[in-house]
Each structure stands twice: as structure tokens, then as C-alpha cells.
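# Coordinate inspection notes
Spelled out from the first residue to the last, the chains are:
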Amino acid sequence: MNVKDAIIERRSIKHFDRNHEMTEDEKTELMNLAMLSPTSFNMQNWRFVLVDDKNLKEEIKKASFGQNQVADSSILIILCADLKAWEKEPKRYFRNAPEEVQNSIVQYMNGFYNGNERVQRDEAFRSCGIAAQTIMLAAKGMGYDSCAMAGYDSKKVAELINLPEDYIITMFVVVGKKVKEAQPKDILEYGDVVIKNKF
Ligand SMILES: Cc1cc2nc3c(=O)[nH]c(=O)nc-3n(C[C@H](O)[C@H](O)[C@H](O)COP(=O)(O)O)c2cc1C
């Protein structure tokens, strides 16, 4: 499937075949594609928690207002981000670059994030938002469907997955085999959304 078709055909699916299991190779392929997503300073600040354990999915479904797709999809991907990735051995993000390049990038990163909690949080959502779309389009290309989700109790889910300190949950993406099409959707007028040069 080409990129344009994947973009056009991706829809948020709410009904999945609960008996379909993705193979380990498919899950690995999907995550390897997700890991090619861009991040600021190549910080790769996302962490993808793959939940395929049926009992855990049921627990997380309860913490997600009972939304069926959490349990019925083949995998639930919990997109998390490390708010402090910028200060955790940052040279590893450029480990093959010359030492002086590494040093200057680390200095920039420090100036950008240090003491700025809001930008640290913005970066978590920027990175995960982009990765989520990569996952959804890659899933489509692999013959799967998906749904992005924000409808869950973050605190409860954090407890269920032992979320470490410094990390936040940014969103879910569920992936599986659809058994029911999405509802038709309404798109705003082009001119209401696209602005030329200035507002
Ligand atoms: C950040 C985000 C959070 C969402 N949360 C939920 C959710 O909790 N439950 C749900 O059924 N759909 C959720 N959706 C799906 C949206 O309802 C859907 O993307 C929107 O209606 C447009 O439809 P489409 O994705 O099929 O184009 C979410 C989508 C996004 C991008």
C-alpha cells in the first residue's frame, strides 16, 4: 500500500476481532517502523509499552471507561515518554557523530530543556503524536487497523504498568483486525483549516 492510500484509508476502528493474534514478528516490525519516527534532537524520548496479556488488557479496559477496543484489539500500545530523556546520557543519541558535534548538541539540548518543565512535556506529546501516526499508517500498510485513544485514567493505567518516575503516558494506540467499518466522518472546509501566510 502506498503512503497516500494508507493516509486516506486509515480510520479509527472501534470493533476488532478479539481472537486475532499478531505474530511476534509483526509486532517487532511495527515497533521498528515506529522507532524511525522523528524526534527533536533525535532524543527518541518515546517508550512503547506493548500490552497483549489478556488479563492486563481487561484491567486497562476498566481504567479506560470500558472501551471495548482496548481488550478486543490484538495489541494495546501505551505510548509513554521520558520527560528527562534530554539529560540521560544524551550523547548516545549521536553516538557515531564526532565528539565536538556531540558536545555542541548536548549543550543546545541542555539550554532548551533544563528548568523548562513545560517544554519537556510539550516534547513528550510532540514525539508521541508523531510516533502514533507512524504506527497507525504502518499498521494500515501491514493489513491492520487502529485507533488512537486518550480516554483512560492516566493514574490507574500508570499503576497497572508500573510506570517509572520521570515518565508520562501520552496516549494509546490499539491495533488489530477490524470487524466493523468506522462511521462516516465530516471534514471541515479547506478554507476553515488552511491559512495562507498569516491569520
Ligand atoms: C488524541 C486522540 C484521542 C482519541 N481518543 C479516543 C478514545 O478514547 N476513544 C475512541 O473511541 N476514539 C478516540 N479517538 C479517535 C477519534 O474519535 C477519531 O480520530 C476521530 O473521530 C476522527 O476519525 P478517524 O480517526 O476515523 O479519521 C482519539 C483520537 C485521537 C487523535
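Residues numbered from 1 in each chain as written. Predicted model: local features only at pLDDT ≥ 70, side-chain atom pairs only at ≥ 80, totals over all residues. Heavy atoms only, no water.

### Comments concerning the overall build of the protein chain
Filter applied, for reference: To qualify as a helix, a DSSP run of H or I must reach at least 4 residues; to qualify as a strand, a run of E must reach at least 2; elements of each kind are numbered from the N terminus. Partly exposed residues are those whose accessible area sits between 20% and 50% of the maximum for their type, while under 20% is buried and over 50% is exposed, using a 1.4 Å probe and protein chains only.
For the protein chain, the count of helices and strands is eight helices and four strands. Mapped from its N terminus to its C terminus, the protein chain presents α and β elements in the order α-α-β-α-α-β-α-α-β-α-β-α. The principal-axis extents of the C-alpha atoms in the protein chain amount to approximately 55 × 45 × 30 Å. Going through the 199 residues of the protein chain one by one, you find that 40% of them count as buried.

### Quick look at the pattern of salt bridges
Heads up, the rule is: Throughout this description, the term salt bridge denotes a Lys or Arg side-chain nitrogen within 4 Å of a carboxyl oxygen of Asp or Glu.
One pass over the full model with this rule turns up 15 salt bridges. Residue K178 is joined to D145 by a salt bridge in which the shortest nitrogen-to-oxygen separation is 3.9 Å. With a gap of 33 residues between them, K178 in the loop between β4 (167-176) and α8 (190-193) and D145 in strand β3 (residues 145-149) connect regions that are remote in the sequence. Among the ionic pairs, K156 bridges to D153, the shortest N-O distance being 3.8 Å. Exposure remark for K156: the relative accessible area of 46% places this residue in the partly exposed category. Exposure remark for D153: the relative accessible area of 27% places this residue in the partly exposed category. Residues joined in a network through salt bridges with shared partners are K140, D145, K178 and E181.

### Remarks on a nonpolar patch on the surface
The cut-off we apply is this: Only residues above 30% relative accessible area that lack a salt bridge enter a patch, with like-charged residues linked at up to 9 Å and the nonpolar side chains Val, Leu, Ile, Met, Phe, Trp and Tyr linked at up to 5 Å. In short, Shrake-Rupley with a 1.4 Å probe defines the accessible areas, and a residue's cover is counted only from the protein chains shown.
A contiguous nonpolar surface patch, about 450 Å² in accessible area, is contributed by L188, Y190, V193 and V194. Positionally, V193 belongs in helix α8.

### Overview of the site of the ligand
Going by this rule: When we say a residue is near a molecule or strand, we mean one of its heavy atoms is within 4 Å of it. Think of a polar contact as two N or O atoms within 3.5 Å of one another; within protein, one of them needs to be a possible hydrogen donor and the other a possible acceptor, and neighboring residues in sequence only count if both atoms come from side chains. Note on residue classes: Ala, Val, Leu, Ile, Met, Phe, Trp, Tyr, Cys and Pro are nonpolar, Asp, Glu, Lys and Arg are charged, and everything else, Gly too, is polar.
Near the ligand the following residues occur: R10, R11, S12, K14, Q67, Q69, C147, A148, M149, A150, G151 and K185. The contact in question runs from an oxygen atom of the ligand to an N or O atom on the side chain of K14, over 3.0 Å. Of the residues forming the shell around the ligand, the biggest block, three residues, is contributed by β3. When the residues that make up the shell around the ligand are grouped by side-chain class, the tally is four nonpolar, four polar and four charged.

### As for the sheet that holds β3
Selection criterion: We call two strands paired when DSSP finds no fewer than two bridges between them. In this description, a line fitted to the C-alpha atoms serves as the axis of each element, helices being fitted only across the stretch in contact, and the angle between N-to-C directions of two axes falls anywhere from 0 to 180 degrees. Contacts are residue-level and defined by heavy atoms, with any inter-residue pair within 4.5 Å sufficient.
The strand order across the open sheet formed by four strands is β1-β2-β4-β3, and the pairing between neighbours is antiparallel. Each edge of the open sheet is held by one strand with a lone partner, namely β1 (46-51) and β3. Looking at each pair of strands side by side, their axes are set apart by 25° on average, direction ignored. Here strand β2 (residues 75-82) runs beside β4; their pairing, made up of eight bridges, is antiparallel. Among the inter-strand pairings, C80 is bridged to a residue of β4, identified as I169. Contacting β1, β2 and β4, helix α2 (residues 24-34) crosses the sheet at an angle of about 165° to β1. Here helix α3 (residues 54-62) sits on the sheet and contacts β1, β2 and β4; the angle it forms with β2, its principal contact strand, is near 70°.

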